[in-house]
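A structural walkthrough
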Amino acid sequence: MRIRIVDAFTDRPFAGNPAGVLLLDAFPDDSWMQDVAREVNHAETAFAHPLSGGGEADWALRWFTPATEVALCGHATLATAHVLHTTGAHQGPVRFSTRSGVLVAEPGDDGTVTLDFPTAPLTAVDVPEGVAEALGAPVGTAFDTGPNVGDLLVELADEETVRSLRPDLKSLAAYSERGIIATARAEAPNLGHDFVSRCFFPNVGIDEDHVTGSAHTALAPYWSQRLGRAALTGLQASPRSGLVRTEVRGARTLLGGRAVTVVEGDLLV
C-alpha cells in the first residue's frame, strides 16, 4: 500500500506539522496501526478508508500518535484531505467519520483546505499549583478545553515569553489529559498573525507538537472573544512553525491551511 508524509499548515516542505497518511480498504487491527504510527514517528499518522455511499460520511478516519490513538487531530485531517484531493481519490468536500463526529474538509481553488471542527468548550479554572514552574513562566489565566481536546490552555504575558519557553515536560504531564497549550497575543499583528501558541503533549508521546489544529478549536474562541473578531490567524511558534486561519461559528470552528506532500512510497508490511 502507498504511504505518504504530508507537511500540514504550511505551503513549503520541511515546515508545518508532518503527518503520515495511509488510504486503506478497511481498518486493520489496532495494534498494526499503532505499530505503523510508531514506525512513522511523527505526531500523528492518519488511517482512512472509503465508506459506502448514502451515509452521513464519505471516509472513515482515525489518528494515532507513536504512543496512542487520539480523539481529534487537525493537521492529520488536513493532510488526509490534501492526499484525497491531489490524488483524485475524492473530489470536492469530504466528510470524515471520526471519534469526534463527522468532520468536513473542503478544498479551495487556491490549494487551501478548510476544516469544519467542533468548537472546544472553555471552562475557566484556577491556575494549577506548580504549572508555572513546570512551564518556566508566570501564568495569567487557565482554561480546561473539554473532552475532545483534553488540554489545559494558559495565557502568558507576551509573545516572546511563549517563544522562549523551555518547559519541564515530565512535570507538565500532571496537569491535563493530553498536555498544555501556551498562548499570548501577537506583538505585531501587522506581521500576519493575531496570536501565538506552543503545544506540549507529553501524555501522548509528543514533547512539542509543531502545528496543532485541534488546539486551535480552543484558541480560536478564546482569542475571538478577547479580540472581538470571529476570523483570526494563529501562529504556532514551534521550531517548524505554521499558520492556522480560524473562524468561530458558534458550535463549529473553521480551520484553514495548506499542505505539501514530501514523501510517497510503498509500505512493505
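Please refer to the structure higher up on the page.
Rules behind the numbers
Residues numbered from 1 in each chain as written. Predicted model: local features only at pLDDT ≥ 70, side-chain atom pairs only at ≥ 80, totals over all residues. Heavy atoms only, no water. Helix = DSSP H or I, 4+ residues; strand = E, 2+ residues; numbered from the N terminus. Rg over C-alpha atoms; globule rule 2.2 N^0.38 Å. Buried < 20%, exposed > 50% of the residue type's maximum accessible area, 1.4 Å probe, protein only. Contact = heavy atoms within 4.5 Å. Areas by Shrake-Rupley, 256 points an atom, 1.4 Å probe, with all protein chains shown as cover. Arc of directions from axis to C-beta. Salt bridge = Lys/Arg side-chain N within 4 Å of Asp/Glu carboxyl O. Core = buried A, V, L, I, M, F, W, Y, C linked by side-chain atoms within 4.5 Å.

**Here's the deal with the overall build of the protein chain**
Within the protein chain, the secondary structure is distributed over six helices and 18 strands. Scaling as 2.2 N^0.38, a compact globule of 269 residues should have a C-alpha radius of gyration of about 18 Å, and the protein chain matches this with 18 Å. C-alpha atoms of the protein chain, sized along the principal axes, occupy 50 × 35 × 30 Å. Every one of the 269 residues in the protein chain was classed for burial, and the buried ones make up 55%. For the protein chain, the share of sequence-separated contacts (at least 6 apart) that also reach a separation of at least 24 residues comes to 62%. With an accessible surface of roughly 11300 Å², the protein chain has 49% of that area assigned to carbon and sulfur atoms.

**Quick notes on the side chain of His49**
When you line up the elements, His49 lands in strand β3 (residues 44-50). When neighbours within four sequence positions are excluded, His49 is seen to be in contact with Leu24, Asp25, Ala26, Phe27, Trp59 and Ala60.

**With respect to helix α1 (residues 30-40)**
Regarding α1, the residues found buried are Met33, Gln34, Val36, Ala37 and Val40. Around the axis of α1, the buried residues are gathered within 160° of arc, so they sit on the same side. Looking one or two residues beyond α1, the residue adopting positive phi is Asn41, at roughly 65°.

**Thoughts on the pattern of salt bridges**
Enumeration over the complete set of coordinates arrives at 17 salt bridges. One salt bridge in this structure joins Asp30 and Arg62, with 3.0 Å as the shortest N-O distance. Residue Asp30 is located in helix α1, and its partner Arg62 is located in strand β4 (residues 59-64); the two are separated by 32 residues in the primary sequence. Using a relative accessible area of 41% as the deciding quantity, one classes Asp30 as partly exposed. A relative accessible area of 17% means that Arg62 is categorised as buried. When the shortest N-O distance is used, the salt bridge between Arg198 and Glu208 registers 2.8 Å. Of the two residues, Arg198 sits in strand β13 (residues 195-201) while Glu208 sits in strand β14 (residues 206-209), which places them ten residues apart along the sequence. Classification of Arg198 as buried rests on a relative accessible area of 6%.

**Some words on the nonpolar core**
By size, the foremost hydrophobic cluster in this structure holds 47 residues, and its most contacted members are Trp63 and Phe96. If we skip the residues at most four places from it in the chain, Phe96 touches Ala57, Trp59, Leu61, Thr77, Thr80, Ala81, Leu84, Gly101, Val102, Leu103 and Ala105. Val139, Ala142, Leu172 and Leu235 belong to the second-largest nonpolar core, a separate cluster that totals 18 residues.

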